[in-house]
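# Per-entry structural report
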Amino acid sequence: MNDSSPASGTPVLDVWCELQCPDCRSALDDLRALRARYGDRLELRLRHFPLEKHKHAFAAAQAAEEALEQGKGWEYVEAVLGRVEELDRAGEPFLVEVARELGLAAEEFDTALVDGRHILIVDADQAEGKAIGVTGTPTYVIDGERLDGGKSQEGLRERVEQIADRLLAGQG
């Protein structure tokens, strides 16, 4: 798997995540900091890895794909992760509610969760994650290196920054 898109040469950070995961919520600060530091010079890609122990995670992953299609992917992910307990309690109606709050076409979320239009993307991400050894969330992959944030987030952002800086320095 080539981790940087050859066309743009932009380094890619894949973030394997699930939206019912408290550890992924903890990772939000790191992701915000990385986006602030690198902007468009580092492509952050949300990859889905719903865990079976979280019964709404699979639906949440599909909802995140719908939000991405409607142009507010990360905004939606952050909104849902910020309220993990509500997702635990309310499930799919909460996912539609968040879409409505963000001004997205909420009825499309409802339909997407029923017709399963995003299931293939979620399944493909999960299969790829398993193939490269992802076992929990969040897990980061940059330049072929896997960093497991599920156990501890300590030092992870620094490691991602070291690799991104090295990749970006190598471009010029």
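Cut-offs applied
Residues numbered from 1 in each chain as written. Predicted model: local features only at pLDDT ≥ 70, side-chain atom pairs only at ≥ 80, totals over all residues. Heavy atoms only, no water. Pairing = 2+ DSSP bridges. Helix = DSSP H or I, 4+ residues; strand = E, 2+ residues; numbered from the N terminus. Axes fitted to C-alpha atoms, helices over the stretch in contact; angles between N-to-C directions. Salt bridge = Lys/Arg side-chain N within 4 Å of Asp/Glu carboxyl O. Buried < 20%, exposed > 50% of the residue type's maximum accessible area, 1.4 Å probe, protein only. Left-handed = near helix turned anticlockwise from the far one by under 90°. Contact = heavy atoms within 4.5 Å. Nonpolar A, V, L, I, M, F, W, Y, C, P; charged D, E, K, R; others polar. Phe/Tyr/Trp six-rings, centres within 6.5 Å; stacked < 30°, edge-to-face > 60°. Core = buried A, V, L, I, M, F, W, Y, C linked by side-chain atoms within 4.5 Å. Disulfide = S-S within 2.5 Å. Expected span 1.5 Å × (residues − 1).

## Digging into the sheet that holds strand β1 (residues 12-17)
Taken in spatial order, the 4 strands of this open sheet run β2-β1-β3-β4, and their pairing is mixed. Either end of the sheet is taken by a strand with one partner, and the two such strands are β2 (43-48) and β4 (145-148). Strand-to-strand twist across the sheet, computed as the mean angle between neighbouring axes with direction ignored, equals 20°.

## Focus: the pairing of β2
Relative to β2, β1 runs parallel, the two being bridged by 6 bridges. Counterpart to V15 in the pairing with β2 is L46.

## Structural notes on the pattern of salt bridges
For the structure shown, the criterion picks out 20 salt bridges. In this structure, the salt-bridge partner of D14 is R47, at a minimum N-O distance of 3.3 Å. Here the residue D14 occupies a position in strand β1, and R47 occupies one in strand β2, the gap between them amounting to 33 residues. Under the relative-accessibility criterion, R47 is labelled buried at 9%.

## What to know about the packing of helix α1 (residues 22-38) against helix α3 (residues 73-81)
For the pair α1 and α3, interaxial distance at closest approach is 10 Å and the crossing angle is 145°. Crossing of α1 over α3 shows left-handed handedness. Between α1 and α3, the contacting residues are C24, R25, L28, L31, R32 and R35 on the first element and W74, E78 and L81 on the second. Classifying every residue of the contact of α1 with α3 by side-chain character gives 5 nonpolar, no polar and 4 charged.

## Points about the packing of aromatic side chains
If you walk through the whole model with that rule in mind, you get 1 aromatic pair. Consider the rings of Y76 and F109, whose centres lie 5.2 Å apart with planes at 35°: the pair is tilted. On the criterion of sequence distance, the pair formed by Y76 in helix α3 and F109 in helix α6 (residues 106-115) is long-range, its members being 33 residues apart. A relative accessible area of 0% places Y76 in the buried class.

## Thoughts on the nonpolar core
Ranked by internal contacts, the top residues of the largest apolar core, which has 44 residues, are L13, Y76 and L95. Beyond its immediate sequence surroundings of up to four residues, L13 is in contact with L34, L42, E43, L44, R45, Y140, V141, I142 and V160. With 5 residues, the next largest nonpolar core counts W16, F49, L51 and V141 among its residues.

## With respect to the state of the cysteines
All chains considered together, the criterion is met by 0 disulfides. Residue C17 stays outside any disulfide, its sulfur separated by 3.4 Å from that of C24, the closest cysteine. Free cysteine C21: the closest other cysteine sulfur is in C24, separated by 3.5 Å.

## What about the packing of helix α2 (residues 57-69) against α3?
The interhelical angle for the contact between α2 and α3, taken along N-to-C directions, is 145°, at an axis separation of 7 Å. Of α3, the residues touching α2 (which contributes A63, A64, A67 and L68) are G73, Y76 and V77. Of the residues assigned to the contact of α2 with α3, the class counts are 6 nonpolar, 1 polar and no charged.

## Let's talk about α2
End to end, α2 covers 18 Å across 13 residues, agreeing with the expected 18 Å (1.5 Å per residue, within 8%). Burial runs high along α2: 10 of the 13 residues are buried. If you check which residues of α2 are buried, you get A57, A59, A60, A61, Q62, A63, A64, E65, E66 and A67. Lining the buried residues of α2 we find β2, α3, α4 (84-90), α5 (92-101), α6 and α7 (119-131). Remark: G71 follows α2 within two positions and exhibits a positive phi of approximately 90°.

Purely geometric stuff here, so don't read any function into it on its own.
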